[in-house]
Amino acid sequence: MPEKITAYRFDYLDETLSQLNKEDCAIVAGGTDVMVLHKSGRGVPPKIPKPVVFIDHLSELKRVYQKDKDLHIGSCSTYGELLENPLIPIALKNAIKTIAAPAIRNRGTLGGNICNASPAGDTLPLLYVYNAKLLLRSVNGDRVVAISDFIQAPRRIGRNHNEILAEIILPSVLEEGSHVVFEKIGNRNADAIAKVSFAGYIRISNERIDDIRFAFGAVGPTMVRSIDIEKKLLGKPFPLSETDIDSIVADFDQIIRPIDDQRSTAVYRKTVALNLLRYFLNTSQYQPN
Amino acid sequence: METDAPPTARLLDLIREEFGLIGTKEGCGEGECGACSIFVNNSLQNSCLIPIGAIAGAEIQTIEGLMETEQFKILDESYSECGGVQCGYCIPGMVMASAALLSENPNPTDAEIREGISGNLCRCTGYNMIVDAVELAAKKGEVVCQKK
Ligand SMILES: Cc1cc2nc3c(=O)[nH]c(=O)nc-3n(C[C@H](O)[C@H](O)[C@H](O)COP(=O)(O)OP(=O)(O)OC[C@H]3O[C@@H](n4cnc5c(N)ncnc54)[C@H](O)[C@@H]3O)c2cc1C
Ligand code: FES
Ligand code: FES
């Protein structure tokens, strides 16, 4: 007989949180990362080392709504659901469309992409430039953290075992006037894991840079973003001068340290990343979206 | 249907081993080949990645269920006419993905067809015949939008 497996599937989030408070469990949302990570083979259930708690059926974790200018996205919204939702910004939809294939997008969730904390997670560069905040819920109440503080290393996040990621909050994202892009370099098929990805955000007012942010994926253990470098560009006249662009690219050259792996080489990754940055800074026509 | 299988068992194993529905295939077992594609509440998903506990109470349709529909007849004819079937291993999954696409988008472009079947690997055909088959099914179909 197979060994005993404990798994929970409650009707409400409250009950789920109570259980998590009593016991350290493996949370399963869509399961597209968990099932691959613990795969055991034909006819054998995956070997998940802790009691399992299923959450992706909880309607409380699937709501998407606007509150003031902020967008709140339920962590268990699947990619497929987000693509259909008119509140989701176009740039985020573009990033989602590069993820895997329809069947994976029908199961995989935004919360799963964040909590899996892969250096190649395709929604992450954008979530960093949106200054996404994460609402973590437990029996003790809610706590809000910045995504850049939550994701600590590949597969390591700042979650207490009694917490669930309930919502992803994109502050002021529904405000007019910013231009946001996402670029991903990878192979175009179901195994489209990014070799390098890039997200950029810019807002111009009176021909000067009012706000600018950029982040890279898959070139380090977590997303690479530097608020210090971004600050150097605030208030600069737009379009940027060649000298300003060169100096920003040179700054990034210092901080990006990609690795070689089976998908790509460090040199290739760095070259592509810096080209994507230069291209973004050079664009003189921005479409607010 | 009910089962005594553990809640973390893969839906794929339940379908093939417990229910004996062997039209659904296992290729990679990790979400990359689409051979195990089925519908969960009418949405195309990979049964190798689904722990059965996660979908308690959901409606599942496999290729065997699809075979009873008008949509399947059209797809089946179109695949044969276009030479879209060689060894056949990928075909149940490919047909599920084709059906899902046509149900949502009865008149897909070439690019939309390729995107619709992008999660399904085929070692034999080089995909062009399959894309032709889906295009033909769309033409024959017009009908094909009503999914059971
Ligand atoms: C074939 C294939 C192709 C893929 N392609 C891509 C791709 O192109 N780009 C990409 O970025 N990813 C890709 N992925 C990875 C995966 O699909 C995504 O990371 C997805 O978003 C994970 O979501 P999930 O709900 O399935 O996560 P799960 O597997 O359920 O969970 C992932 C991790 O997050 C934790 N978790 C999930 N939700 C919560 C929550 N609400 N609160 C606390 N913890 C939580 C789980 O405990 C687990 O550790 C691919 C996966 C496969 C199998
Ligand atoms: S067996 Fe499920 S996708 Fe390959
Ligand atoms: S026909 Fe052989 S794998 Fe597709």
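Keep in mind that this is a model prediction, so the values were computed, not measured.

## Looking at the overall build of chain B
- Scanning chain B from terminus to terminus reveals six helices and three strands.
- The linear arrangement of helices and strands in chain B, starting from the amino end, is α-β-β-β-α-α-α-α-α.
- Over its C-alpha trace chain B gives a radius of gyration of 15 Å, about what one expects of a compact globule, namely 15 Å for 148 residues.
- For the C-alpha atoms alone, the extent of chain B along its principal axes is close to 45 × 30 × 25 Å.
- Counting over 148 residues, chain B shows a buried share of 51%.
- Put simply, of all contacts in chain B between residues at least 6 apart along the chain, 58% involve residues at least 24 apart.
- Here chain B has roughly 6400 Å² of accessible surface; of this, 51% comes from carbon and sulfur atoms.
- Treating the 10 positive side-chain charges of chain B as one cloud and the 22 negative ones as another, the clouds have centres 5 Å apart.

## Details of the site of ligand 1
- The environment of ligand 1 is formed by 35 residues, the closest being A:Ile27, A:Thr32, A:Asp33, A:Tyr79 and A:Thr109.
- Residue neighbours of ligand 1 fall on chains A and B, so the site bridges chains.
- Here A:Thr109 contributes a side-chain N or O atom positioned 2.6 Å from an oxygen atom of ligand 1.
- A:Leu165 has a polar backbone atom sitting 2.9 Å from a nitrogen atom of ligand 1.
- For ligand 1, whose free accessible area comes to 980 Å², the fraction covered by protein is 92%.

## Digging into the interface of chain B and chain A
- Of the residues lining the interface, 30 residues belong to chain B; the matching set on chain A comes to 30 residues.
- Interface of chain B and chain A: buried area, both sides summed, is about 2500 Å²; carbon and sulfur atoms make up 59% of it.
- The largest share of the area that chain B buries against chain A comes from B:Thr8, B:Leu49 and B:Ala54, three residues that together contribute 24% of it.
- Among the salt bridges present, the one from A:Arg42 reaches B:Glu26, with a minimum N-O distance of 3.5 Å.
- The interface formed by chain B and chain A contains 10 residue pairs in polar contact (both at pLDDT 80 or more).
- Those elements giving two or more residues to the side of chain B that touches chain A turn out to be α1 (11-18), β2 (43-46) and α5 (110-116) of chain B.
- Considering each element in turn, the side of chain B that touches chain A owes the most residues, four residues, to β2(B).
- Of the residues that constitute the side of chain B that touches chain A, the class distribution is 12 nonpolar, 11 polar and seven charged.

## Some thoughts on α1(B)
Residues and elements named next belong to chain B.
- Every buried residue of α1 is accounted for by Leu11, Leu12, Asp13, Leu14 and Ile15.
- Along its buried surface, α1 packs onto β1 (37-40) and β3 (60-61).
- Positive backbone phi, approximately 65 degrees, marks Gly20, located one or two places after α1.

## Section: the domain arrangement of chain B
Residue and element names in this part refer to chain B.
- Per the domain assignment, the segments of chain B are domain 1 (11-62) and domain 2 (66-147).
- Its C-alpha centre places domain 1 at a distance of 19 Å from the equivalent point of domain 2.
- Note on domain 1 versus domain 2: buried area summed over both sides is about 1100 Å², and carbon and sulfur give 60% of it.
- Across the domain 1-domain 2 interface, the total number found is zero salt bridges.
- The tally of links between domain 1 and domain 2 comes to five residue pairs in polar contact (both at pLDDT 80 or more).
- Ranked by residues supplied to the side of domain 1 that touches domain 2, first place goes to β1 with three residues.

## Things to note about the sheet that holds β1(B)
Residues and elements named next belong to chain B.
- Strand order in the open sheet made by the three strands is β2-β1-β3, with antiparallel pairing throughout. The open sheet has two edge strands with one neighbour each: β2 and β3.
- As defined by bridge partners, β1 adjoins β3 across two bridges and the pair is classed as antiparallel. The partner of Phe39 across the bridge, within β3, is Gln61.

## Focus on the sheet that holds strand β5 (residues 70-74) of chain A
All names here are of chain A.
- An order of β4-β5-β10-β6-β7 is seen for the five strands of this open sheet, with the pairing classed as antiparallel. Only two strands of the sheet have a single partner each, and these edge strands are β4 (64-67) and β7 (141-146). In this sheet, adjacent strand axes meet at a mean angle of 25 degrees when their direction is disregarded.
- Those strands touched by helix α1 (residues 13-22) are β6 (133-138) and β10 (164-170), and its axis lies near 120 degrees from that of β10.

## Observations regarding the packing of aromatic side chains
Residues and elements named next belong to chain A.
- Here the structure, examined in full by the defined rule, presents six aromatic pairs over all chains.
- Ring geometry for Tyr8 and Phe10: centres 5.7 Å apart, planes at 10 degrees, overall stacked.
- A relative accessible area of 18% places Phe10 in the buried class.
- One aromatic cluster is present, built from ring pairs that chain together Phe198, Phe214, Phe216, Phe252 and Phe280.
- Its end group placed over the ring of Tyr201, Arg213 keeps NZ or CZ at 3.9 Å from the ring centre.

## Considering the packing of helix α3 (residues 70-81) of chain B against helix α4 (residues 91-104) of chain B
All names here are of chain B.
- The geometry of α3 relative to α4 is characterised by a closest axis approach of 11 Å and an angle of 120 degrees between their N-to-C directions. By the criterion of interaxial angle, the relationship of α3 to α4 is oblique. Here the hand of the crossing between α3 and α4 comes out right-handed. Listed contacts from α4 to Gln71, Phe72, Leu75 and Tyr79 of α3 are Ile91, Met94, Val95, Ser98, Ala99, Leu102 and Ser103.

## Comments concerning the nonpolar core
- Core analysis: the largest hydrophobic core is formed by 44 residues, its most contacted members being A:Ile73, A:Ile114, A:Leu126, A:Leu127, A:Ile147, A:Ile168 and A:Leu170.
- If one sorts the elements of this core by residue count, helix α7 (residues 124-129) of chain A sits on top with five residues.
- Not counting chain neighbours up to four residues away, the residues in contact with A:Leu170 comprise A:Lys69, A:Asp70, A:Leu71, A:Ile73, A:Leu92, A:Leu127, A:Tyr130 and A:Ala132.
- Formed by 28 residues, the second largest nonpolar core is a distinct cluster that contains B:Tyr79, B:Leu102, B:Cys122 and B:Ala138.

The rules we used
Residues numbered from 1 in each chain as written. Chains lettered and ligands numbered in written order. Predicted model: local features only at pLDDT ≥ 70, side-chain atom pairs only at ≥ 80, totals over all residues. Heavy atoms only, no water. Helix = DSSP H or I, 4+ residues; strand = E, 2+ residues; numbered from the N terminus. Rg over C-alpha atoms; globule rule 2.2 N^0.38 Å. Buried < 20%, exposed > 50% of the residue type's maximum accessible area, 1.4 Å probe, protein only. Contact = heavy atoms within 4.5 Å. Areas by Shrake-Rupley, 256 points an atom, 1.4 Å probe, with all protein chains shown as cover. Lys, Arg positive; Asp, Glu negative; His and termini not counted. Charge placed at Lys NZ, Arg CZ, Asp CG, Glu CD. Near = heavy atom within 4 Å. Polar contact = N/O pair within 3.5 Å; in protein donor to acceptor, adjacent residues only side chain to side chain. Buried area = accessible area lost by both parts, 1.4 Å probe. Salt bridge = Lys/Arg side-chain N within 4 Å of Asp/Glu carboxyl O. Nonpolar A, V, L, I, M, F, W, Y, C, P; charged D, E, K, R; others polar. Domains from an automatic or database assignment. Pairing = 2+ DSSP bridges. Axes fitted to C-alpha atoms, helices over the stretch in contact; angles between N-to-C directions. Phe/Tyr/Trp six-rings, centres within 6.5 Å; stacked < 30°, edge-to-face > 60°. Lys NZ or Arg CZ within 6 Å of the ring centre and 35° of its normal. Parallel < 35°, antiparallel > 145°, perpendicular 65-115°, else oblique. Left-handed = near helix turned anticlockwise from the far one by under 90°. Core = buried A, V, L, I, M, F, W, Y, C linked by side-chain atoms within 4.5 Å.

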